[in-house]
Amino acid sequence: MLPFFEISLVVGICFLIAALISYLFPPKKINDLYGYRTAKSKKNIENRNFSQKYSTIKMLEVSIMLILLSFLGYFFKSEIIHLLLGLTLVFGAVGYIFITTEKALSKFEQTKSCQ
């Protein structure tokens with residue numbers, strides 16, 4: 001079982017790599033394989049472009065946060081606490097990316113429809 005330090009660190013590094021790849025090589029069109037994909041983001045190309053950029057920035061933020069917070073594992077001795085904290089951080093990070101991107105996309109759609 002991976003301790004807290006390793007779970008958060010490994011996921012943080014994976015998110016960092018995914019964010020850099022997504023930033024440097026964004027998907028060219030709406031697809032079901034690569035990039036930020038929800039029903040709202042795939043509705044049209046403007047939504048896709050906005051959500052792709054926004055979620056990439058949020059993933060970069062989350063990756064740095066996970067890497068930094070992984071060092072909290074040194075303060076706890078219990079492996080169960082390591083595991084629970086690590087999983088909570090990872091699921092919280094994914095939720096944060098999804099929720100903030102969907103809220104921003106909703107605001108983007110509202111401002112777009114007002115124009």
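Residues numbered from 1 in each chain as written. Predicted model: local features only at pLDDT ≥ 70, side-chain atom pairs only at ≥ 80, totals over all residues. Heavy atoms only, no water.

Caption draft 1: Fine view of the packing of aromatic side chains. Here the structure, examined in full by the defined rule, presents 2 aromatic pairs. A ring pair is formed by Phe50 and Tyr54, whose centres lie 5.7 Å apart and whose planes are at 20°; its orientation type is stacked. Within this pair, Phe50 and its partner Tyr54 are both found in helix α2 (residues 45–69), separated by 4 residues, close to a single helical turn. When the ring of Phe50 is compared with that of Phe108, the centres are 4.5 Å apart and the planes differ by 5°; the resulting orientation is stacked. Note that Phe50 is positioned in helix α2 and Phe108 in helix α3 (residues 79–114), a separation of 58 residues in sequence. Phe50 sits in the partly exposed class, given a relative accessible area of 23%. The structure contains a cluster of three or more aromatic residues connected by ring pairs, namely Phe50, Tyr54 and Phe108. (Phe/Tyr/Trp six-rings, centres within 6.5 Å; stacked < 30°, edge-to-face > 60°. Helix = DSSP H or I, 4+ residues; strand = E, 2+ residues; numbered from the N terminus. Buried < 20%, exposed > 50% of the residue type's maximum accessible area, 1.4 Å probe, protein only.)

Caption draft 2: How the structure looks around α2. For α2, built from 25 residues, the straight-helix expectation of 36 Å at 1.5 Å per residue is met to within 8% by its first-to-last C-alpha distance of 35 Å. Every buried residue of α2 is listed here: Asn47, Arg48, Ser51, Gln52, Ser55, Thr56, Lys58, Val62, Ser63 and Leu66. Measuring from the side-chain oxygen of the N-cap residue of α2 to the backbone nitrogen of Glu46 gives 3.2 Å; that N-cap residue is Asn44. (Expected span 1.5 Å × (residues − 1). Polar contact = N/O pair within 3.5 Å; in protein donor to acceptor, adjacent residues only side chain to side chain.)

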